[in-house]
Amino acid sequence: MRLTINLENEKVKLELTRNGRFIDSAGFSYYHDLEDKLITNLDKLLKRNRISIHSIKSYKILGNQGQETTTHKIVEAVVCGLKVTL
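In this text, all values refer to a predicted model and were calculated from it rather than measured experimentally.

Novice: What am I meant to see in the pattern of salt bridges here?
Specialist: Two side chains carrying opposite charge are able to pair once their charged atoms lie near each other. Applying the stated criterion across every chain, the model contains 5 salt bridges. For Glu15, the salt bridge goes to Lys13, with nearest N and O atoms at 3.9 Å. Where Lys73 meets Glu68, a salt bridge forms, and the shortest distance between an N and an O atom there is 3.6 Å. On the accessibility criterion, Glu68 (66% relative accessible area) is exposed.

Novice: Looking at this structure, how should I read the sheet that holds strand E2 (residues 11-18)?
Specialist: Paired through backbone hydrogen bonds, the strands of a sheet run either parallel or antiparallel to each other. In spatial order, the strands read E3-E2-E1-E4; together these 4 strands make up an open sheet with mixed pairing. Each edge of the sheet is formed by a strand with only one pairing partner; in this case those strands are strand E3 (21-29) and strand E4 (58-63). The mean angle between the axes of side-by-side strands here comes to 15 degrees, regardless of whether they run parallel or antiparallel. Pairing geometry for strand E1 (residues 2-8) and E2, over 7 bridges, is antiparallel. Within E2, the residue paired with Arg2 across the bridge is Thr17. The strands touched by helix H1 (residues 34-48) within the sheet are E1, E2 and E3, with E3 carrying the most contacts at an inclination of about 145 degrees.

Novice: Sorry if this is basic, but what is going on with the pairing of E2 here?
Specialist: For a regular strand, the rule is simple: side chains alternate between the two faces of the sheet. With antiparallel pairing between neighbouring strands as the criterion, E1 and E2 make up a hairpin whose turn holds 2 residues, including Glu10 at a positive phi of roughly 60 degrees. Pairing between E2 and E3: 8 bridges, direction antiparallel. Residue Thr17 lies in a different strand from E3, and its bridge partner there is Phe22.

Rules used throughout
- Residues numbered from 1 in each chain as written.
- Predicted model: local features only at pLDDT ≥ 70, side-chain atom pairs only at ≥ 80, totals over all residues.
- Heavy atoms only, no water.
- Salt bridge = Lys/Arg side-chain N within 4 Å of Asp/Glu carboxyl O.
- Buried < 20%, exposed > 50% of the residue type's maximum accessible area, 1.4 Å probe, protein only.
- Pairing = 2+ DSSP bridges.
- Helix = DSSP H or I, 4+ residues; strand = E, 2+ residues; numbered from the N terminus.
- Axes fitted to C-alpha atoms, helices over the stretch in contact; angles between N-to-C directions.
- Contact = heavy atoms within 4.5 Å.

Structure (structure tokens):
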């Protein structure tokens, strides 16, 4: 299972795929609450599909945000935290 996080101007789209096949997605806007909304929406997406966080084996961060932006660094930190739980 792969989680793709697509960052666009103040919008985030989470997408779950398994073996290249689309499972489900969720999107949200954020302002100063990216980390809260990211974790909350990921949790809802997993619960809706009855998927354990342990099923996610890879992560991909896409978008028009540079790697040095705060947004990208927050998403990387959340992904690193998720990897530790695996």
